[in-house]
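The primary structure of each chain is shown beneath.
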Amino acid sequence: MQLSTNTMKIRSGPLAAMILGGTVLVGVMVWCLRTYEPTPMSWYPKCVFYQATGLHCPGCGGTRAMRALAHGEVGLAIRCNPLLIVGLPIMISMIAIQRRRERAGGLASPRLAWVLFFIMIVYFIGRNIPSPTNSPLAPPATVGQRTIPLSGIPSKHACSLWHPTDWPFSLG
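Since the structure is predicted, the reported quantities are computational estimates derived from the model, not experimental observations.

As a further point, take the packing of helix α5 (residues 82–103) against helix α6 (residues 111–126). The N-to-C vectors of α5 and α6 enclose an angle of 170°; their axes lie 11 Å apart at closest approach. Put simply, α5 runs roughly antiparallel to α6. Residues Pro82, Leu83, Met91, Met94, Ile95 and Gln98 of α5 form the contact with α6, whose participating residues are Leu112, Val115, Leu116, Ile119, Met120 and Tyr123. Looking at the contact of α5 with α6 residue by residue, the classes come out as 11 nonpolar, one polar and no charged.

Okay, the packing of aromatic side chains next. Inspection of every chain in the model, using the stated rule, returns three aromatic pairs. Seen in terms of ring centroids, Trp31 and Tyr36 are 5.7 Å apart; in terms of plane orientation they differ by 85°. Their pairing is edge-to-face. Between the aromatic rings of Trp114 and Phe117, the centroid separation amounts to 5.9 Å while the plane-to-plane angle is 85°, which identifies the pairing as edge-to-face. Of the two residues, Trp114 and Phe117 both sit in helix α6, three residues apart, roughly one turn of that helix.

Here we come to α5. In this model α5 runs 31 Å from its N-terminal to its C-terminal C-alpha over 22 residues, within 8% of the 32 Å that 1.5 Å per residue would give. Leu88 marks the point of greatest bend in α5, at about 40°, and the proline Pro89 comes within the next four residues. Lining the buried residues of α5 we find α3 (62–70), α4 (74–80) and α6. Two or three places before Leu83, at the start of α5, stands the capping residue Asn81, its side-chain oxygen 3.3 Å from that residue's backbone nitrogen. One or two steps after α5, the chain reaches Gly105, where phi turns positive at roughly 105°.

This part covers a nonpolar patch on the surface. Among the surface-exposed residues, Met66, Leu69, Val74, Ile78, Val86 and Ile90 lie close enough to one another that they form a single nonpolar patch of about 440 Å² accessible area. Mapped by element, the contributors of at least two residues to the nonpolar patch are α3, α4 and α5. Tracing the sequence through the fold places Met66 in helix α3. Its relative accessible area of 33% is what places Met66 among the partly exposed residues.

Moving on to the nonpolar core. Formed by Ala65, Ala68, Leu76, Ala77, Cys80 and Ile85, the largest nonpolar core amounts to six residues. Among the elements that take part in this core, α4 stands out by supplying three residues, more than any other. When neighbours within four sequence positions are excluded, Ala65 is seen to be in contact with Ala77, Cys80, Asn81, Leu84 and Ile85. Residues Leu83, Leu112, Leu116 and Tyr123 belong to the second largest nonpolar core, which totals five residues.

Cut-off values and rules
For every chain, the first residue of the written sequence is number 1, and numbering continues from 1 onward in sequence order. Restriction of local features to residues with pLDDT of at least 70 applies here, the model being predicted, together with a cutoff of 80 or more for giving and counting side-chain atom pairs; totals for whole chains, interfaces and linings are based on all residues. Computation of side-chain values: all heavy atoms of the structure, hydrogens and water removed. Here an axis means a line fitted to C-alpha atoms, over the contact stretch when the element is a helix, while the angle between two N-to-C directions is reported on a 0 to 180 degree scale. Counting from the N terminus, the helices are DSSP H or I runs at least four residues long and the strands are E runs at least two residues long. Every angle not falling under 35 degrees, over 145, or within 65 to 115 is termed oblique; those three ranges are roughly parallel, roughly antiparallel and roughly perpendicular. Whether two residues are in contact is decided by their heavy atoms, any of which lying within 4.5 Å being enough. Any residue that is not Ala, Val, Leu, Ile, Met, Phe, Trp, Tyr, Cys, Pro, Asp, Glu, Lys or Arg is counted as polar, Gly included; the first ten are nonpolar and the last four charged. Any two of the Phe, Tyr and Trp rings considered here, Trp counted by its six-membered ring, make a pair once their centres fall within 6.5 Å; the pair's planes then place it as stacked at under 30 degrees, edge-to-face at over 60, or tilted in between. Expected span, for any helix, means 1.5 Å times one less than how many residues it has. What we call the bend at a residue is the angle made by axes fitted to the seven residues finishing there and the seven residues starting there. Counting of polar contacts relies on pairs of N or O atoms within 3.5 Å, with two restrictions inside protein: one atom must be capable of donating a hydrogen and the other of accepting it, and residues adjacent in sequence are counted only when both atoms are side-chain atoms. Excluding any residue in a salt bridge, patches collect residues exceeding 30% relative accessible area, merging like charges within 9 Å and nonpolar Val, Leu, Ile, Met, Phe, Trp and Tyr side chains within 5 Å. Areas reported as accessible are Shrake-Rupley estimates using a 1.4 Å probe. Residue values count occlusion only from the protein chains shown. Definition used for salt bridges: Asp or Glu carboxyl oxygen within 4 Å of a side-chain nitrogen of Lys or Arg. In this scheme, a residue with accessible area under 20% of its type's maximum is buried, one over 50% is exposed, and one in between is partly exposed, where area comes from a 1.4 Å probe on protein chains only. The term nonpolar core refers to a set of buried residues drawn from Ala, Val, Leu, Ile, Met, Phe, Trp, Tyr and Cys, joined through side-chain atoms within 4.5 Å.

It is worth stressing that arrangement in space is one thing and function is another; only the former is reported here.
Okay, structure coming up:
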């Protein structure tokens, strides 16, 4: 009996360390997202695919979406990257259900992988049609300093909007 309690202590030690480490990591990430705005000139990583092709990958707008979520602005987070905010929890639960089936003796099925792949491809195409700037699924453009305010604080946070005052030329 003593051996099993020691075994539990050994197993719970790494688990507790992983939970503590994960909590600290999430806390630091939320602090960074609440403190530093993801602008084109910030230190946040830029999308290499977007910079090379001008097309939005499924992850484009994810940092701005997480920043909006850290500020409690769920609607704005969904506008920045709907697949990340709405689809990711659904995908994680689908993967968890598949894993539970496999542990219970069920067969591993490639269907889930194909469904997730299909969703990503459709989302990629949908956010770039009719064009990367005019698609309803595309993240808002990052132009100038005019941004959608979070909690009534203008020009400080999250997703930017195209606005005539941000254009480098005059229409009239």
